[in-house]
Amino acid sequence: MASTGSRMQPFFFSQISQKPIKDCNLYRNKAIFFSTKPFSNNHESRTAATQKLKGRNKASVFIAKTASIGSAGEYSEQLSGDAKSTQKRRRTVAGVDQEDLLHPGQLADPDSLFCEFNGVHIHHKICHHHEQSEVETSEKDTRKVGLPMVLLHGFGASVFSWEKVMKPLASLTGSKVLAFDRPAFGLTSRVREFTGLNVNPYSMSFSVLATLSFIDMLRSEKAILMGHSAGSLVALSTYFEAPEKVAALILIAPAIIAPLISKKVTNERDRKSDPYIPKNPFVKVWRAFLDFFKRAASVVVGMFKKMGDMIGSAYKRALAAVLRSALAVMLIRMIIDKFGIPAVRNAWCNPNQVADDVLQGYTKPLKVKDWEIALLEYCIAMITDSTSKPSLSERLSEISCPVLIVTGDKDRLVPAWNAERLSKAIPGSRFEMIKDCGHLPHEERVEEFLSIVERFLQSVFIVRSAAPV
């Protein structure tokens, strides 16, 4: 032992390595800093010093165990790892697990079909009319429409929404019935990069071209288009694109804003019968001034319109950039998780009647990879289409094919009065309202809905074909 007058130098002591540690700043909270003093020859002093040293060794063991966890960075990584694992266990949207998203083909049904159109694999189903034997064939069976039908689903829906009516409709028409998933919905492929494509797959133009392509695939000159909610927009747009391809339109709870119907009070006859004929020269000068003022005002308005278009274009680009951000993806997940299932229930007249298999059918597309990105792209395209194309409401008077509009009296999404007003704006259209029915007549009131469609088809095609020429 050192002599009484000697002093031992202070050092840091680590319980793990049992060696002095040079870097005292790094291990300041993990090692014990102490200085040893020479022990006294007194036995009591040596005993007390030994007890103190044992206490310090216990403390060093405790701190060394704390140090065994690792550095502060490693500890924070461990905490973040635990948080990630917790988040990973809870990451679901509308009850659908979001960790192992699948390709649409992996979720296909036995009767699912896929075809490629403009770089997009479109999911669709075809229901064929099964011909009966000659013994079972009756007079009613021979009075079929003989035209195929294309079904266009609404926002957030898919081919699944037509499941209950596809076979009965095939029987009514005596032909094929086809339903397909528009991009961003159902099991149609989600396209992330479409700069090289001719048409934006999430635009209205793409849906119209796809509809016309399916009519050609059915090998028919014409087809009956049935659209539900936002699908009615696709049906009308297809008609205006190629009216010769559309035999009739059936619009179910159409999400189309009906125009305000106003009666025209002036025409050529009224002008001829106008008793006021300006003969005063001052009146002629005043009218010339008004004409000049109107023309100047139109020029100014045109300039402001161009400025507004430029501002609107910049606004749309900025909005598109926001909707393509990671924040927008997170928000769309939160919105669908919070309001997805309640929205499906609210679409029905009685939300308690929505079965579990219906909810599973509507949430199944949430298992498809990149579903949220595709939904955001669809919203961007919808905003662009609404500002770059004229409103369909202004062209309703141009429709000349037979039109049937069906709605539910308890529709909380698209009011029944809007559908009724829409029918008044379309020449010769028919309007039918189903009682105690919500936004989905073809799912809630199947039998009544099919009865209405059958009467319409019989009166339009069978009666007309039977009428003498």
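For the structure, check the block above.
Heads up: these notes are all about the structure in this document. (Residues numbered from 1 in each chain as written. Predicted model: local features only at pLDDT ≥ 70, side-chain atom pairs only at ≥ 80, totals over all residues. Heavy atoms only, no water.)

The helix and strand inventory of the protein chain stands at 14 helices and twelve strands. In the protein chain, buried positions account for 38% of the 469 residues. Taking as baseline every contact in the protein chain between residues at least 6 positions apart, the subset at least 24 positions apart corresponds to 75%. Accessible area for the protein chain stands at about 28,700 Å²; split by element, carbon and sulfur atoms hold 57% of it. (Helix = DSSP H or I, 4+ residues; strand = E, 2+ residues; numbered from the N terminus. Buried < 20%, exposed > 50% of the residue type's maximum accessible area, 1.4 Å probe, protein only. Contact = heavy atoms within 4.5 Å. Areas by Shrake-Rupley, 256 points an atom, 1.4 Å probe, with all protein chains shown as cover.)

Looking now at the pairing of strand S10 (residues 246-252). Burial analysis of S10 places seven of its seven residues in the buried class, the great majority of the element. Sheet topology places strand S9 (residues 223-228) next to S10; six bridges connect them, and they run parallel. Within S10, the residue paired with Leu-225 across the bridge is Leu-249. Traced from S9 through helix H6 (residues 231-241) to S10, the parallel crossover comes out right-handed. (Pairing = 2+ DSSP bridges. Right-handed = clockwise from strand over helix to strand, strands pointing away.)

Closest axis-to-axis distance for the helix H5 (residues 204-217)/H6 pair is 9 Å, and the angle between their directions is 70 degrees. Accordingly, the angle class assigned to the pair H5 and H6 is roughly perpendicular. Of the residues in H6, those touching H5 at Met-204, Ser-207, Val-208, Thr-211 and Leu-212 are Leu-233, Val-234, Ser-237, Thr-238 and Glu-241. Here the residues of the contact of H5 with H6 are counted per class, giving five nonpolar, four polar and one charged. (Axes fitted to C-alpha atoms, helices over the stretch in contact; angles between N-to-C directions. Parallel < 35°, antiparallel > 145°, perpendicular 65-115°, else oblique. Nonpolar A, V, L, I, M, F, W, Y, C, P; charged D, E, K, R; others polar.)

With that settled, consider the packing of helix H9 (residues 326-347) against helix H10 (residues 356-363). Contact geometry for H9 and H10: axes closest at 11 Å, N-to-C directions at 125 degrees. Classified by the interaxial angle, the pair formed by H9 and H10 is oblique. The two elements H9 and H10 cross, and the hand of that crossing is right-handed. Contact with H9, carried on its side by Ile-341, Val-344 and Arg-345, involves Leu-359, Tyr-362 and Thr-363 of H10 and no other residues of that element. Each residue belonging to the contact of H9 with H10 can be placed in one class, and the counts come to four nonpolar, one polar and one charged. (Left-handed = near helix turned anticlockwise from the far one by under 90°.)

Per the counting criterion, the structure on display carries seven aromatic pairs. Ring geometry for Phe-117 versus Phe-206: centroids 5.4 Å apart, planes at 65 degrees, classification edge-to-face. With Phe-117 in strand S5 (residues 113-117) and Phe-206 in helix H5, this residue pair connects regions lying 89 residues apart in the sequence. For the residue pair Phe-117 and Phe-206, the accessibility class agrees, reading buried in each case. Site record: aromatic cluster; members linked through ring pairs are Phe-155, Phe-185 and Tyr-378. (Phe/Tyr/Trp six-rings, centres within 6.5 Å; stacked < 30°, edge-to-face > 60°.)

Position of Thr-173 relative to the elements: it lies in helix H4 (residues 166-173). Overall, the relative accessible area of 0% leaves Thr-173 in the buried class. Here Ala-170 takes part through its backbone oxygen, which lies 3.4 Å from a polar atom of the side chain of Thr-173. Excluding residues that lie within four positions of it along the chain, Thr-173 makes contacts with Lys-144, Val-145, Gly-146, Leu-147, Met-149 and Leu-457. (Polar contact = N/O pair within 3.5 Å; in protein donor to acceptor, adjacent residues only side chain to side chain.)

Time to look at H9. Taking 1.5 Å per residue as the helical rise, H9 with its 22 residues ought to reach 32 Å, and the 30 Å between its terminal C-alpha atoms agrees with that figure. Its maximal kink placed at Phe-339, H9 deviates by approximately 45 degrees, while the proline Pro-342 follows within four residues. Burial in H9 covers these residues: Ala-328, Val-329, Ile-332, Ile-336, Val-344 and Ala-347. (Expected span 1.5 Å × (residues − 1). Bend = angle between axes of the 7 residues up to and from the residue.)

A separate point is the sheet that holds S9. Spatial strand order, S5-S6-S8-S7-S9-S10-S11-S12: eight strands in an open sheet with mixed pairing. Strands with a single pairing partner mark the edges of an open sheet, and in this sheet they are S5 and strand S12 (430-434). With strand direction ignored, the average angle separating the axes of adjacent strands in the sheet is 25 degrees. Pairing of strand S11 (residues 403-408) with S12 involves five bridges; the strand directions are parallel. Bridging from a neighbouring strand, Val-406 pairs with Glu-432 of S12. Here H5 sits on the sheet in contact with S5, strand S6 (120-127), strand S7 (149-152), strand S8 (177-180) and S9, set at roughly 45 degrees to S6.

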